[in-house]
Structures are given as C-alpha cells and as structure tokens.
Amino acid sequence: MRRTSLIATGLLLTAYLVATPVSGEELKDLHFGEALFHAHQGQFFEALERLDTEVRQHDGVDEPERDTLYFHINDAEFSLGDFELRYRMHHRAGRAIKAVLEGAVDELVRNDAAYRLARIHFQKNQMGDAMQALQRIEGNIPAAIKDDIEFLRANIHLADGRPAAAAEVLQGLQDSQAFTGYAAYNLGIAYLQDGQRQAAIEQLDRAGQVSSDDPSVLAIRDKSNLVLGTILLEEGNYAGAIPYLNRVRLDGPFSNQALLSTGWASMSTDNIERAVVPWKILAARETTDRATQEAMLALPYAYGKLDVYGRAAISYGHALDSFGAEVDKLNVSIESIREGKFLEALIREEIRKDKDWVIRLRSLPETPETYYLMELLASHDFQTGLQNYLDLADLRRKLQTWQANFDSFDEMADIRRDHYEPLLPDIDTEFRELDSRMRLRIEQHKMLVRRRDDLLTTPRPEFLATREEQQLLRRLELLEAQLRGGQSLLATTAKQRLKRLRGLLTWTLETEYHERLTEFDLNLRNLDEAMAVLEQEYDEYVRSRQAASHSYVGYQKPIKRMRAQVREAAGKIELLMTRQGHLLEVTAIEELVARRSHLENYGDKARFALADSYDRATQAQARVDE
Amino acid sequence: MSRLIRKMLLAALICASSASLSAQELSGDNTRSLDGQVQEIKSDVLSIASELSNLEERLLFPSNTQISLFVSVADNEDFRLDALQVEIDGQLATHHIYSFQELGALQKGGVQRVYTGNIVTGEHQLRITMMGKLGNGDDFNASDSFVFAKGVKPKALGVTLAGPGSGASGIQVGDW
C-alpha cells in the first residue's frame, strides 16, 4: 500500500481511507465481489448500493453462517464504511465503523476499526473524538497500520495545538518507510510550533535531504527546504537561506516560490546580479502564478538597482502589458462564471474521466476562469463543495434515467396485463377442472398404496381378483344365498356344484396370489413414476400461472410510490445544486476579484516604476551626452 | 518597494492560500451545512436505488427464469483481458470489451456481473470466448463450452478466467 497524502502542512491536514478488499482469501460471496469491482473503479455509489443491500440481507437471515457473506462479513462491514467515506458520506461511514467496533470481533479487527473511526473524526475536524477513538486501540495491532496510527496521532496533536506531544510521537516514526519525508517534515513543523527554533531548523535540514524517487516524497523534501529558507529569510539570515532555497528542484511544485525567495535573499545581501538569474527564469514562467507576477516586478527592480534603466523600463513595460492582459482575462473569467459556464464545464463527463481533470480544466478555451482558480480548487472547503456539486450532478443524471425507466416499466406491465388477462380466465377454468380430476387420482393412488402396504402384512387374495373373478364371486354369493334354505335333491346338487366352483376360484386366487401381488406392486411403482411426473407438471403449471400474474400484478403501487420519491429527490437535488453552485460561483468570483485587485495594484506600481525608469534612463543618457 | 514586495512574498509562503481565505471563511459554514444535506440526499437516493434494483429484478428477471453470469480473473494473472463473449444455447448473450479500469478492478479481486437474463428450466449449453494479450505482447484467445442445469431458483454462474499458462482453456465455470 502506498501512502501519499496524509501530510501535515502546519495545520492543513488531509486524510483518506484505503479500501479493504478480500486480502488473500478466496471470495465466497459474489455480490461482495461485485461491490469491490465497482469500488476499485471509483464507482462508490454502485458499490454501496450492492454491498448495503447484501449486508442488510445477511443481517436478516435466520442462519447467517449458511449465508456466503458470513465468510467476509467483517471485511464487508469495513468496506461499507470505507465506501461511504469515499463517497463523502461521513455520517453513515462513522455509524458503519462504530457498528464493527461494538460487535463481537477479533482484537485486530476492532483496532483496525478504531483507527478508521479516528480518521473519519479527524477528517471531520473532530480532534477530541479522533483521539478518543485512537485510545480504544489496545493489544494486537495489524502490522500494516501501526505507523499509520502513530502518524495520525501526531497529526491530531498538531491540529489540536499540542506540538510537543506531536514531536514525541513523530520522533518514533523517523525510520518509518511508509512516511519517509513526511514524518521528518512534520517533526520539523512540530518543533517550530513548539518554539524549538534550533531543533526545527536542524530537523527541516534533515527532511530537506531525504533521498527517494517517489515524486510525493521529493515534493515534501522541496517543501522542507522552502520552509527552512523562508524561516531564515524572515529572521534576516539571507545568506543562510540561499543554500536551502537552492536545494529546491527547478521543476518541482515549489520551484516558483523558491526562485522568488532566492532572488530576494540575493538582493538582500546586495548580490544583485545573482538575484537577476532566478527572477529572469521565473518571469518567463506561467503568467497566472503569483510568484511569476511578483518576479515580473522584481526583475526590473533589480535592473534599476544595477543602473540598467533602459532594460528596467522595457521589463516594467512588459509587466504592465502582461498585468493588463491578465486583468482582461480575469474580467472575462468573472463574466464567464456569472454566465454559469464554470459550473457547466465542471460537470462535463468527458473531462472527469481523466484523473487529472482539475488540471485539464485549464486547457479548456471556454473556461478561462480556471487559470486563476487552481489554488482555490485545491482548498479543502472548495473541494468539498465542488465534489458535492459533482456528486449531485451525478445523482441528478441517475434520477433522470430512472424517471424514464418508470414509463418503460409501466408499459411493460400493461403489455403483459393485456396479453394475460384475456387468457387467464379460460385457463383457470380448465385448470380447476383438471385440478379436481387430479386430486381424485391422487387420492386413488394413495388408497392403492395403502392397500398394497396392507397386503404385504395381511394377505387378502380376494383383493387381487380380476374383474371377471369378482363378478363370479358375487354371482356365487348370490346363488349360495338363494340355495341356503333348499333341501331338495336339486338344491343339494346345485350347492355341491357351487362349492366346487368356489373351490376352483379360491384355488386360482390362492395359488396366483404372490404372482398377482408382485404384478400389482410393479404396476403401482410405474404409477408412482407417472404420478411424480404429473405432480412435477402440476407444480410447473402453478409456478407458470403465478409467474404470469406476478409479471404484471403488484407493480403499480411501488412504481407510483417510487416515482414520487424520485421526483421529490430530484427537486431536493435541484435546490441543493443551485445553492451549492451559487456558493462555488461566489467563492470563485471572490477569489478572482481578489486576484484582479492584486494585479491592478501591481499594475499601478509597474506604471509608476516605468515612468521612474524612463526618467532615470533619460537622465543617464543626458549625463552620457554631456 | 522591495520591503513591500518581500512582505507580500513572506505572507504568501507562510500561508499560501491566504488570498482565498476570506472567501473560504465566509463560505465555510454554508459549505458544512450544505455538506450535511448532500449526505442526506445521497442516503435517500441510495435507498431508492436499492428498492428500484429489487423492483427491476422482479419485473425483468423473475427468479424462476433468472440467470446471472459473474466474471472474475484468477489470482496472480497478468494477461490483459480485452474482450469476453458469452453464448447461451448458441445465441449471443453478451459481448463485453474491457477498459483498463475494469481490468484493474478484476485483477484486484473484483467480480463483474457480465450478464443477467432469462432462460427456461432445464439443461443449457454455455460457450465462453475470451480475447486478450499475454505479458509478452502476443495475442491470445480461448473458448470453452459447458453444460449447466437451470432449476426453479435464480441461477448464478461464476466464470473464472486465467491465461494460457494455467492449462486447459483457462476458463472455468462454477455454480454459486
């Protein structure tokens, strides 16, 4: 894991959380994996939507250990808080992580959660709560976050005005690989805030010499040197400041300020020729930069000191033209913001696909205002407002799509209703008839099964008689009943014949009983299979019948309710976007007006100095002519 | 003039964003209040999204016919997945071309729901074709067919993709 931006710059601190994907474990829950897929692409809304639903479903199951999310539940709850934080929903993020903290979880997990909670509070500028969360950490700490915890602790101390405590913590982090440069710089700042001037200078000197090829570490190294040089400049130790300012890389983010300061340090030691060099470099750089604008005045000032009034006059003239052009540009920018073009440019999707989209805004011809807003764009409050505005714009787009979808859903349900409703009554009538016949057959089947089971325990050969045999038996019984009282010879003979016939029938039934029972059992088994197929088809029919109804019944109310919810949310979003957008525009215009006023002030000075230089150049020429 | 300019320089160094501070201070409270309201509306929209997904699923993909295909990349694979094609019973179900972001998300352990549709219960034929590039820049593609049974419950199939070095076609399909 690479840490880049948990850096203290005086009291300016930023924090971020790192997503917690399944680390080295086999993924067992697809929906958790799906949420991670979106989160890894920065689509935190989609990630949250899926994971939130999944975690809520998991919480609702009777036997959570049989649910696939059970294997990742700690990760999932962590990730939920993480995604919420990344989607700038700090309130919910705090709640999610507190839930982990209060659950019966492993010490490592609890400590990780406490650290995350502390970071959330830190980001919300709630230093007391942040420290309280850190104090809950005890026992085993995940190795990966040990240094992070201490760095955060030091930052909280710094932000809360306890530089001595911060310094003590930061001393323990000087060998940390993860915080190379940052811990050294912050320690210097902590000493400085604690009034330990000499210790601060020595520490910033060390921070200004760290070796690394990481651009962010190199930037913090430059910053250490710049701050140290500035401290010495403030104290009037101009010569002492120069070596530190010279350490700042010429192509780094702090190079403009370093060049400007180097010039002033040289100027203050009366080394005017040496001041010209950095200022000349700087004056040729991006005109919108504050340091560049200052150098455009400082350079001719140095020429004047060198008595090169002609060149000074030309440079002042150039500065004047340049300031005038910049003021015009600012006027256009202010007008452009008032016309709403700034906000229009911000929500252009194709720009935001680029991770450096804020920088790329500068290259857009229709957004000249962004030239002067880079500092403002980087400030925390403006960033929060800007991100909120962009998030609201995304939500508005989603809601618009959903609104259109509702029409399709309604139409879909109507088409299905129109198709099924005329068919279903006839189908239902036929089904009811079929259903009663089926139930009769099912009962008959059950009766036969019972009979077979009875025969296995109590043999009853007459039960297996064929239809003819049964008719014969009934006829014999009838004849026997008719002859019961007869005493005549004819009756006696008939009785004997009947007895022989019954004997013959009984012989057949008894001798063929086992064979018949086997056949009966075989037939019944075949019938079982047929009945199983019948029941399966019956169930399938019932499911299809239900599916037909479910395909159009029961959607009207939820669609209507959701339409209203979406409409209401869209209204709120529109209102919030207007307010947020207005705030951004006002803030941007204020910034531009301040910069314009600054430039106008510079312009006045340049105009005066230009006239003065011309006078001096003329006087010098006159002296030469004499 | 040098004193004046130097003062300006020092002020700029000590507090680089001081010029915009007044504007920020003015707007700070508003920003925080708005921020709270934005968080609330996000929460509202998330809950609408969740309910809407549920409704969509019921309406468009009833459980007795629903089938979903999820794609993941095997651990420690460095091949570049360019595209994936899924056919069910000989019919094209979906074709997806991967962006770098999507590929990165898959390599970090994410799982992509590549297809959700409807099929009848019974046995079906699934054919997966993947196209991509190997670490050495060579193109590669692989296809494999599988048979699966769809019951009355929603069907979820997990497709795990690996490079040619892993043996066989590099495509595995399993039930979830």
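Positions within a chain are numbered from 1, following the residues in the order the chain's sequence is written. The lettering of chains begins at A and the numbering of ligands begins at 1, in the order of writing. For a predicted model such as this one, the threshold for reporting local features is a pLDDT of at least 70, and the threshold for listing and counting side-chain atom pairs is 80 or more; totals across whole chains, interfaces and linings nevertheless cover every residue.

### Digging into the interface of chain B and chain A
Often, the extent of an interface is quoted as the loss of accessible area on bringing the components together.
Piece 1. Each residue is represented by a C-beta atom placed from its backbone, and any two residues with such atoms within 7 Å are regarded as in contact. On the side of chain A, 70 residues touch chain B, which itself brings 56 residues to the contact.
Piece 2. Secondary structure elements follow DSSP: runs of H or I no shorter than four residues count as helices, runs of E no shorter than two count as strands, and numbering proceeds from the N terminus. Mapped onto the side of chain B that touches chain A, the elements with two or more residues apiece are helix H1 (2-14), helix H2 (21-60), strand E1 (66-73), helix H3 (100-107), strand E4 (112-118) and strand E7 (155-161) of chain B.
Piece 3. Ranked by residue count, the leading element in the side of chain B that touches chain A is H2(B), at 25 residues.
Piece 4. Note on residue categories: nonpolar means Ala, Val, Leu, Ile, Met, Phe, Trp, Tyr, Cys or Pro, charged means Asp, Glu, Lys or Arg, and polar means any other residue, Gly included. Across the side of chain B that touches chain A, the residue classes break down as 27 nonpolar, 21 polar and 8 charged.

### Quick look at the domain arrangement of chain A
Piece 1. Note that the domain bounds reflect an automated or database-derived domain assignment. Per the domain assignment, the segments of chain A are domain 1 (1-160) and domain 2 (409-554).
Piece 2. For domain 1 of chain A versus domain 2 of chain A, the distance between C-alpha centres works out to 66 Å.

### Examining the confidence of the model for chain B
Residue and element names in this part refer to chain B.
Piece 1. What pLDDT conveys is the predictor's confidence in a given residue, as a value from 0 to 100. Per-residue confidence for chain B gives a mean pLDDT of 82, with 81% of residues at or over 70.
Piece 2. In the predicted structure, residues 1-26 sits below a pLDDT of 50 and forms 35 contacts with residues beyond four places in sequence or in another chain.
Piece 3. Note on the complex model: pTM 0.74, ipTM 0.86.

### Notes on the pairing of E7(B)
All names here are of chain B.
Piece 1. Burial in this document is a count-based property: other C-beta atoms within 10 Å of a residue's C-beta are tallied, and the residue is buried at 20 or more, exposed at 12 or fewer, or partly exposed in between, with C-beta positions derived from the backbone. Taking every second residue as pointing to the same face, the buried face of E7 carries Lys-155, Leu-157, Val-159 and Leu-161, while none of Ala-156, Gly-158 and Thr-160 on the other face is buried.
Piece 2. When E1 meets E7, the two strands line up parallel, connected through 7 bridges. Across the sheet, Ile-67 pairs through a bridge with Lys-155, a residue of E7.
Piece 3. Should DSSP find at least two bridges between two strands, the strands are taken to pair. Judged from the 5 bridges that link them, E7 and strand E8 (residues 171-175) form a sheet pairing that is antiparallel. Bridge pairing in E8 links Gly-158 to Gly-174.

### Let's talk about helix H7 (residues 146-159) of chain A
Residues and elements named next belong to chain A.
Piece 1. In this scheme, a helix's expected span is set at 1.5 Å multiplied by one less than its residue total. An ideal rise of 1.5 Å per residue puts 20 Å on 14 residues; H7 measures up with 20 Å between its terminal C-alpha atoms.
Piece 2. Counted residue by residue, H7 has 10 buried out of 14 residues, so it is predominantly covered.
Piece 3. Among the residues of H7, Asp-148, Ile-149, Phe-151, Leu-152, Arg-153, Ala-154, Asn-155, Ile-156, His-157 and Leu-158 are the ones counted as buried.
Piece 4. Phi for Gly-161, located one or two positions after H7, is positive at around 80°.

### A look at the packing of helix H11 (residues 215-234) of chain A against helix H13 (residues 255-268) of chain A
All names here are of chain A.
Piece 1. Inter-axis angles, ranging from 0 to 180 degrees, are taken between N-to-C directions of lines fitted to C-alpha atoms, where helices are fitted over the stretch in contact. Closest axis-to-axis distance for the H11/H13 pair is 11 Å, and the angle between their directions is 30°. One finds that H11 runs roughly parallel with respect to H13. For the element pair H11 and H13, the recorded crossing hand is left-handed. Contact residues: Leu-226, Gly-229, Thr-230 and Leu-233 in H11; Gln-257, Ala-258, Ser-261, Trp-264 and Ala-265 in H13. Note on terminology: angles under 35 degrees are roughly parallel, angles over 145 are roughly antiparallel, angles of 65 to 115 are roughly perpendicular, and the others are oblique. The handedness criterion is simple: a crossing whose near helix is rotated anticlockwise from the far helix by less than a right angle is left-handed, and one whose near helix is rotated clockwise is right-handed.

### Section: helix H14 (residues 272-283) of chain A
Residue and element names in this part refer to chain A.
Piece 1. Taking 1.5 Å of rise per residue, 12 residues should cover 16 Å, and H14 covers 16 Å from first to last C-alpha, within 8% of that figure.
Piece 2. When H14 is considered as a whole, its buried residues turn out to be Ala-275, Val-276, Pro-278, Trp-279, Leu-282 and Ala-283.
Piece 3. Here the buried face of H14 lies against H13 and helix H15 (290-305).

### Concerning unusual backbone geometry
Comment: phi is negative for the bulk of residues other than glycine, and the bulk of peptide bonds are trans.
All names here are of chain B.
Piece 1. You will see that Asn-76, though not glycine, has its phi angle at about 60°, which is positive.
Piece 2. Along the chain, the position of Asn-76 falls in the loop between E1 and strand E2 (80-88).
Piece 3. The phi torsion at Asp-89 lies on the positive side, around 50°, for a residue other than glycine.

### Digging into the environment of A:Ile145
Residues and elements named next belong to chain A.
Piece 1. Within the secondary structure layout, Ile-145 lies in the loop between helix H6 (127-135) and H7.
Piece 2. Given 20 C-beta atoms within a 10 Å radius, Ile-145 is considered buried.
Piece 3. In sequence terms Ile-145 and Tyr-115 are 30 residues apart; their C-alpha atoms lie 8.3 Å from each other.
Piece 4. Apart from the residues within four sequence positions on either side, Ile-145 is in contact with Asp-112 and Tyr-115.

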